[in-house]
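For reference, the chains in residue letters:
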Amino acid sequence: GILAVLRKNKDYSWFVVLAFRAIQACLAPQDVIAVWPCLGECDPVTFAVQIMELEMLDDIFQLMKYFSLARDVHYHGLAILELLVMEDPEWRDEVARKGGVSLLCDIARQRKDSPQIMCQVMTCMAYLAAEDHIEVLLGQADALHCVCYTLTVHVAN
């Protein structure tokens with residue numbers, strides 16, 4: 001349902017942010033249910049499988065590129081990626097296969113002066129780098145340059 005509504009209203013960045021937040025909430029760990037009881041019926045693993053089956057990752061990446069000037073779209077899109085790649089090697093492969101490495105580097109170059117976004121980018125890169133073949137892709141995309149810049153400039157964070 002989220003994907004159908006998202007595709008129909010994809011021209012509005014505020015709507016994309018709301019849809020991304022809904023996806024993020026559905027993927028959240030089970031301890032979040034205590035805060036949001038309405039998510040009690042939503043199984044994060046089943047929801048992630050549906051994302052893969054519907055190839056929703058393509059839509060998420062496309063919207064993150066289309067609304068590249070909307071910081072909140074990047075923020076919530078990166079939160080979704082982080083939840084997906086945190087513990088699952090299959091999702092790491094899927095993100096890399098769909099162009100997630102280059103998207104992360106593009107966001108890092110664009111948002112290099114935003115410590116919060118760069119923290120999310122570096123977290124996603126760290127999870128992806130756990131897979132050797134993705135680590136090579138990160139090296140080819142010059143991800144280390146983005147990481148070094150962030151660690152140098154945003155020392156306090």
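Structure shown above.
Residues numbered from 1 in each chain as written. Predicted model: local features only at pLDDT ≥ 70, side-chain atom pairs only at ≥ 80, totals over all residues. Heavy atoms only, no water.

1. Some points on a nonpolar patch on the surface
Line of reasoning, step 1. On the surface, Tyr-12, Trp-14 and Leu-18 cluster together to form a nonpolar patch covering roughly 370 Å² of accessible area.
Line of reasoning, step 2. Note that Tyr-12 resides in the loop between α1 (2-8) and α2 (13-27). (Patch = residues over 30% accessible without salt bridge, like charges linked within 9 Å, V, L, I, M, F, W, Y side chains within 5 Å. Areas by Shrake-Rupley, 256 points an atom, 1.4 Å probe, with all protein chains shown as cover. Salt bridge = Lys/Arg side-chain N within 4 Å of Asp/Glu carboxyl O. Helix = DSSP H or I, 4+ residues; strand = E, 2+ residues; numbered from the N terminus.)

2. What to know about the packing of helix α4 (residues 56-66) against helix α5 (residues 71-85)
Line of reasoning, step 1. Here α4 crosses α5 at 150°, and the two axes come no closer than 10 Å. Taken together, the axis directions place α4 and α5 in an arrangement best described as roughly antiparallel. Read as a crossing pair, α4 and α5 show a hand that is left-handed. In this structure, α4 uses Leu-57, Ile-60, Phe-61, Leu-63 and Met-64 to contact α5, whose residues at the interface are Val-73, His-74, Gly-77, Leu-78, Ile-80, Leu-81 and Leu-84.
Line of reasoning, step 2. Taken together, the residues of the contact of α4 with α5 break down into 10 nonpolar, 2 polar and no charged. (Axes fitted to C-alpha atoms, helices over the stretch in contact; angles between N-to-C directions. Parallel < 35°, antiparallel > 145°, perpendicular 65-115°, else oblique. Left-handed = near helix turned anticlockwise from the far one by under 90°. Contact = heavy atoms within 4.5 Å. Nonpolar A, V, L, I, M, F, W, Y, C, P; charged D, E, K, R; others polar.)

3. Focus on the packing of α5 against helix α6 (residues 89-97)
Between two packed helices, the angle of one axis relative to the other and the distance separating the axes together describe the packing.
Line of reasoning, step 1. Where α5 contacts α6, the two axes come as close as 7 Å, and the packing angle between them is 135°. In terms of orientation, α5 lies oblique with respect to α6. Touching Leu-81, Leu-84 and Val-85 of α5 are Trp-91, Arg-92 and Val-95, all from α6.
Line of reasoning, step 2. Residues belonging to the contact of α5 with α6 are distributed by class as follows: 5 nonpolar, no polar and 1 charged.

4. Digging into the packing of aromatic side chains
Aromatic ring pairs are defined here through the distance separating the ring centres and the angle between the ring planes.
Line of reasoning, step 1. Using the criterion set out here, one finds 2 aromatic pairs in the structure.
Line of reasoning, step 2. With 5.3 Å between their ring centres and 75° between their planes, Trp-14 and Phe-15 make a pair best called edge-to-face.
Line of reasoning, step 3. You can call Trp-14 exposed: its relative accessible area is 54%.
Line of reasoning, step 4. Centroid distance Tyr-66 to Phe-67: 4.8 Å. Interplanar angle 85°. Geometry classified as edge-to-face. (Phe/Tyr/Trp six-rings, centres within 6.5 Å; stacked < 30°, edge-to-face > 60°. Buried < 20%, exposed > 50% of the residue type's maximum accessible area, 1.4 Å probe, protein only.)

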